[in-house]
Amino acid sequence: QQPASGLLLVRGERYPEYEYGDRLRLRGRLETPGPIEDFDYGTFLARQGILSLMDRPHIERLAAGQGSALRAALYELKDRARLALARMVPEPEASLLQGIVLGLKAGIPDDVYQEYNATGTSHIIVISGSNISLIARLFALSFGRLLGKRRAFWLTLLGILFYVLLVGADAAVVRAGLMGGLYATALHLGRRATAYVSLGAAAVLLTAMMPQALWDPGFQLSFAATLSLILFSPPLERLAERGLSRLAAPRRAAGALRFFNEALVATLAAQVLTMPLVAYHFGRLSLVSPLANLLILPVQPPVMALGGAAALAGSLPALEPLARVLAWLPWLCLAYTNAVVRTLAATPWASLDLGHIGWQWPVMYYTIVAAGAWAL
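Just so we're clear, the structure is a prediction, and the values are computed from it rather than from any experiment.

Reading the values: rules and limits
Residues numbered from 1 in each chain as written. Predicted model: local features only at pLDDT ≥ 70, side-chain atom pairs only at ≥ 80, totals over all residues. Heavy atoms only, no water. Salt bridge = Lys/Arg side-chain N within 4 Å of Asp/Glu carboxyl O. Buried < 20%, exposed > 50% of the residue type's maximum accessible area, 1.4 Å probe, protein only. Helix = DSSP H or I, 4+ residues; strand = E, 2+ residues; numbered from the N terminus. Polar contact = N/O pair within 3.5 Å; in protein donor to acceptor, adjacent residues only side chain to side chain. Contact = heavy atoms within 4.5 Å. Pairing = 2+ DSSP bridges. Axes fitted to C-alpha atoms, helices over the stretch in contact; angles between N-to-C directions. Parallel < 35°, antiparallel > 145°, perpendicular 65-115°, else oblique. Left-handed = near helix turned anticlockwise from the far one by under 90°. Nonpolar A, V, L, I, M, F, W, Y, C, P; charged D, E, K, R; others polar. pLDDT = per-residue confidence, 0-100.

### Structural notes on the pattern of salt bridges
- Enumeration according to the criterion identifies nine salt bridges in this entry.
- Where R14 meets E17, a salt bridge forms, and the shortest distance between an N and an O atom there is 3.1 Å.
- Look at R14 and you get exposed, because its relative accessible area is 55%.
- According to the relative accessible area criterion, E17 is partly exposed, its value standing at 47%.
- Among the ionic pairs, R324 bridges to E320, the shortest N-O distance being 3.0 Å. With R324 and E320 both in helix 13 (residues 320-345), this residue pair falls four residues apart, about one helical turn.
- Residue classification places R324 among the partly exposed positions, given a relative accessible area of 41%.
- A relative accessible area of 16% places E320 in the buried class.

Right, here's the structure in full:
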């Protein structure tokens, strides 16, 4: 026997259940993860620092309550919020809302998840760099309208920190949270040049600490989403503002339209640089993604904001009646979102299965986008 240390992925029985803070003794066979069909599973796990597997070991609980009290409280809050959403919202909207608000994907039915993949809208139901950047933007816009830009910046950073801790604070989420924080800083400073330097410094620091992250699709998508927001949000916003000024003459109507439009522009801007990475890593290109996002993104701010408020309120028994009222609008918005996604996914031209594409195609795409941006 030789002493060893590191991360180990364990596949155990569903019951009995174990909680964060339990100290366990495991007896089983250690295995080195290998490829599964055409998927390099071993490399995928190695990027997360996991080099060994143990399948169905004998598990013995030695002690409980051995972890961080703060993390234990956050996990308990997350579980209460999950159960609250399950009580208040019917399926499949409940599972989708758990994914959007709490980062829980396990309950989402496979057929529903495939429909979101086919329409290029899965970014709204998973915790990613694009998702957290959008959340950062929503925080900044909401707090900014209520409290002013200066106070909104610090509340936005606190909101991102709380959200990262609530959904688990694993490496991918922390990375996405850092990118979202940088984007919020760029909005606060109003200087894109500063944002470029900060984003580049963060990327260098992260890859210096974890060199394998450079090949991680999650890191690449987080970086691309944040850079895309910095680059393309301002011109798209100016274009949308000109269009809205022609369509909505009354000030109040224009203000309401601009609030939803800003969220729409943010997510469409993020897709400019992430689309080729999705095609390269996952071998699929959605042809209906622009239309699907155009139809569903205006209703996502109330899903995130009121859905999160309902989840937190529902975790406290005394506030559950209020939580049920708050959950009504997110449920209605998600029912509409599902109807749009299901309809577009059923079309025969919804997406193209590209298989494995070479690195030359993303490089060509980025070259064309860079040349077009430079020309404009």
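### Concerning the side chain of S95
- Note on placement: S95 falls in helix 3 (residues 93-102).
- Of the polar contacts made by the side chain of S95, one reaches the side chain of E91; its length is 2.7 Å.
- Excluding residues within four positions of it along the chain, S95 makes contact with L104, G107 and I108.

### Topic: the sheet that holds strand 1 (residues 7-11)
- In space, the three strands of this open sheet follow the order 1-4-3, with mixed pairing throughout. Bordering the open sheet on either side are strand 1 and strand 3 (30-31), each of which pairs with just one other strand.

### What about the packing of helix 2 (residues 69-88) against helix 3?
- Taken N-terminus to C-terminus, the directions of helix 2 and helix 3 make an angle of 150°; their axes are 9 Å apart at the nearest point. Taken together, the axis directions place helix 2 and helix 3 in an arrangement best described as roughly antiparallel. For the pair helix 2 and helix 3, the sense of crossing is right-handed. Contacts between helix 2 and helix 3 involve K78, A81, R82, L85 and A86 on the former and, on the latter, A94, L97, Q98 and L102.
- Across the contact of helix 2 with helix 3, the residue classes tally to six nonpolar, one polar and two charged.

### Overview of the confidence of the model for the chain
- Summarising the model, the chain shows a mean pLDDT of 77, and 84% of its residues fall at 70 or more.
- Within the chain, helix 10 (residues 251-282) has the poorest average pLDDT of any element, 66, and strand 2 (residues 23-27) the best, 91.

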